[in-house]
Amino acid sequence: MDKPKTFFNEMIGNGTPRAPYAKYGSWFSAQNGDRLAQKSQEAEGFFRRAGITFNVYGQADAEERLIPFDLVPRILSNSEWTKLAKGVEQRVRAINAFLHDIYNRQEILRAGVVPTRLIAQNDAFLPQMMDFVPPGGVYTHIVGTDIVRTGADEFFVLEDNARTPSGVSYMLENRETMLQMFPELFSQIKVQRVSDYPKNLRASLEASAPPNCEGRPFVVVLTPGIHNSAYYEHSFLADQMGVELVEGHDLRIVDGKIAVRTTRGYRTVDVIYRRVDDDFLDPLTFNPTSMLGVPGIMDVYRAGNITIANAPGTGVADDKAIYSYMPQIVEFYTGEKAILKNVETHRCSEPEALKYVLDNLADLVVKEVHGSGGYGMLVGPAASRQEIEDFRAKLKARPANYIAQPTLSLSTVPIFTDAGLAPRHVDLRPFALMSPGSVDIAPGGLTRVALTEGSLVVNSSQGGGTKDTWVLED
Amino acid sequence: MLGKTAGGLYWMFRGLERAENTARLIEAGFRIALTRSSDPTSDWQSVIVTSAQQGAYLAQYDTYTSQNVCDFLLREPSNPSSVLSVVKAARDNARLVRTALTTEVWCAVNETWMVLTELLKKPIAEEDVPQTLEAIRQQSALVRGALHGTMLRNDIYNFCRLGTFIERADSTARIIDVKYHALLPSPSFVGSRLDNVQWEMVLRSVSGHRSFRHAVEGEYNAANIVQFLMLDARFPRSLAFCAAAIVENLDLLAQDYGGESRSLAAAQAMLGRCAGRDVSSIFEEGLHEYTTQILRDLTMLGAMIEQQYRFIQ
């Protein structure tokens, strides 16, 4: 890198800890490094024994890996968080309203705010969802908004994950681990609780049950199975909520409703928190070879006899081309300016933007419109000349498949290393729960950290780690 | 609970029991080959035969040596009954039924898998065999302890226990069946060295050699050993004990679920065949015929439970 950048360090400003880190900083400076190193080892042992692992795709033997956990928390003040949470809530409400509109009257297209082709040519748009409103009008029961920071007051939304965002189990397990390792910290520093998340998730899913549901709604988590990369999280959430974890072959349609095979016979299911992608949900409607879903579930859904969370077709709201219109989308549905900023985004489908991107590949981050997990992207400043040229060819072949953004000067939070504290880039994924009445956001979220010095890629599939995220009481 | 979950629990505990039984069997073979035998090859052959895996073993090896047998039974990945394979399968089942297990039980199974995978990575040197077998037994005890100490006594627990006792009964019955020649009371052989070795092997295979001496007043002979292994309701690996435990768990399930239980009726019939009867009546019926029937009953009972509680579609 030719031009050295300075990055906002969330812990240390002008050589002393910033206000949210004041108490932690003085605790840390009193610690013995060897003891912390030992604690760090213990944490790894705990994660291994508890089986908090993920499977890596594309490897011959389905090897399970740990997501490295760093013991230095990422700390936000209550006021920083309050503003963030408001921004996330606004954005989540706007996305839900957008989905309702897109699948019904399409006023935003008629008003010319979002180009029709972005919907019509979008693989994530499901015609099967047209003229149908899910129970309670909720499309996005769970949203994980990826947020990055570049300065004291500079927060940007990087991505709106409105399909099946993952990572919340790490938010919860990281906190449990910290409580076990450093109980004394939590008696000195008042941190807002995240442990209500499973209870709130269940309440939120129950509140979205079909109106004709009798008694307490029966909720299940639908997983693709033990070989899925996020299986641990699926089982963890089912366990924490106290609901059943099912696979497609446990479910079938009985008397027009979805039912699950229990030891006592088939029992009606009211709400499915599915961690199976749209495409695999119903082999009769979508991918006919899918063994992961339930044949005919879309008919049951449209008849109003089951709640699917998140609703099929929500992906149309979180791809990166739609993302570039989010400020307008927020304003269109809420009548307010967006509280959280968008990252400047060049849509390569537009000739002028494409030219700019091709001319500046070395300085930009280029992403697939439908990509996720850090796969298939180009980080210009970190790429070799060859990698840039290879990517240029791909970009020219299918420009509409890509968007480009400037490389942001992501904030850093220190991690604990053998040589002491060392700054690393982080992002933040708070988790929002939406039910017919309300939006509830767990205070904190998942902080992902790029463990390699200078790296901006925080994805766990690309060698990122995680931190406990604290929101202070005051 | 889900039918799939019930099946996962049942098979998970069958697997863990099988791992433990295999360790006992090898331990017995090892001990006898070291201390009593003039013909170690046939002792190791007997271990393979008892584990009912002669065909698969001979497809891979020509000779019966301690190294080959230990490798095959402990760590051969292509052998679905090797300890490594069954522990891996048990852990996969535990992941599948994670929500039905307490954290303690899950962590114990996961740790078992981690420890044994590491331990069985490389061929086991002769001097390391005892501690390897010890580790297998210890890990089993860890899981069992977590199960007893932390799980609710409900249908989940009952399915776990059914897996354990059906596998255990099957193992004990098979051991007796393989050795039934040696266990037939035949005046001409009584007291011969050969019989004594065989009997010790049988008792050691079920970790019953010590218990036998404490519990049984009578002399060390075939009839008493058969009586102990089959009919003694105090010995936790006897058929009578296992059958009673199977009945108990099926009965609790039947009370919980209501209605008629075919598998309970079948288990009660089996219990009738191995409790409260005289050992001489078994010899009259024919020891081999008797154990064959028990093995058949167990297979049928397993299938019945699977169907009654909807393990699969």
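Here, the structure is the one placed above.
Fair warning: this is a prediction, and the values are worked out from it, not measured in the lab. (Residues numbered from 1 in each chain as written. Chains lettered and ligands numbered in written order. Predicted model: local features only at pLDDT ≥ 70, side-chain atom pairs only at ≥ 80, totals over all residues. Heavy atoms only, no water.)

**What about the interface of chain B and chain A?**
Phase 1: Counting residues at the interface gives 27 residues for chain B, matched by 27 residues for chain A.
Phase 2: A buried area of about 2400 Å², summed over both sides, lies between chain B and chain A, and 47% of it is on carbon and sulfur atoms.
Phase 3: Inspection of the region where chain B meets chain A yields four salt bridges.
Phase 4: Note that E247 of chain A is salt-bridged to K4 of chain B, the shortest N-O span being 3.6 Å. (Contact = heavy atoms within 4.5 Å. Buried area = accessible area lost by both parts, 1.4 Å probe. Salt bridge = Lys/Arg side-chain N within 4 Å of Asp/Glu carboxyl O.)

**Concerning the packing of helix 2 (residues 40-50) of chain B against helix 4 (residues 66-75) of chain B**
Angle between the axes and distance between the axes: these two values describe a pair of packed helices.
Residue and element names in this part refer to chain B.
Phase 1: Across the interface, helix 2 lies against helix 4 with an axial gap of 10 Å and an inter-helix angle of 15 degrees. If you check the angle between helix 2 and helix 4, you find them roughly parallel. Crossing of helix 2 over helix 4 shows left-handed handedness. Packed against helix 2, whose contacting residues are W44, V47 and I48, the element helix 4 presents S66, V69, C70, F72 and L73 at the interface.
Phase 2: Considered class by class, the residues forming the contact of helix 2 with helix 4 number seven nonpolar, one polar and no charged. (Axes fitted to C-alpha atoms, helices over the stretch in contact; angles between N-to-C directions. Helix = DSSP H or I, 4+ residues; strand = E, 2+ residues; numbered from the N terminus. Parallel < 35°, antiparallel > 145°, perpendicular 65-115°, else oblique. Left-handed = near helix turned anticlockwise from the far one by under 90°. Nonpolar A, V, L, I, M, F, W, Y, C, P; charged D, E, K, R; others polar.)

**What to know about helix 14 (residues 351-359) of chain A**
Residues and elements named next belong to chain A.
Phase 1: Of all the residues in helix 14, the buried ones are A353, L354, V357 and L358. End-on view of helix 14: buried residues confined to an arc of 135 degrees, all on one side of the axis. Across from the buried face of helix 14, at angles greater than 90 degrees, the exposed residues are E352, K355 and D359.
Phase 2: In the core, the buried residues of helix 14 are packed alongside strand 16 (346-347), strand 17 (364-368), helix 15 (385-397) and strand 19 (402-406). (Buried < 20%, exposed > 50% of the residue type's maximum accessible area, 1.4 Å probe, protein only. Arc of directions from axis to C-beta.)

**Details of the pairing of strand 20 (residues 412-417) of chain A**
Residue and element names in this part refer to chain A.
Phase 1: Among the six residues that make up strand 20, five are buried, leaving the element largely enclosed by the rest of the structure.
Phase 2: The pairing of strand 20 with strand 21 (residues 420-429) spans six bridges and is classified as antiparallel. Each bridged residue has a counterpart across the sheet, and for P414 the counterpart in strand 21 is P423.
Phase 3: Where strand 20 hands over to strand 21, the hairpin turn is made up of two residues, counted between the paired strands. (Pairing = 2+ DSSP bridges.)

**Considering the pairing of strand 25 (residues 464-471) of chain A**
All names here are of chain A.
Phase 1: Burial within strand 25 is extensive, with eight of its eight residues counted as buried.
Phase 2: Two strands pair when backbone bridges link them, and strand 5 (residues 69-76) and strand 25 are joined in this way by five bridges, in the parallel orientation. Considered in strand 25, the bridge of R74 is made with T469.
Phase 3: The sheet contact formed by strand 24 (residues 446-450) and strand 25 spans four bridges and is antiparallel. Paired with R448 across the strands is T466, a residue of strand 25.

**Overview of the side chain of D250 of chain A**
Phase 1: By secondary structure assignment, the location of D250 of chain A is in the loop between strand 9 (244-246) and strand 10 (251-254).
Phase 2: D250 of chain A sits in the buried class, given a relative accessible area of 0%.
Phase 3: Discounting chain neighbours no more than four positions away, the residues touching D250 of chain A are A259, V260, R261 and Y266 of chain A together with L2 and K4 of chain B.

By themselves, these observations are geometric and do not establish any function.
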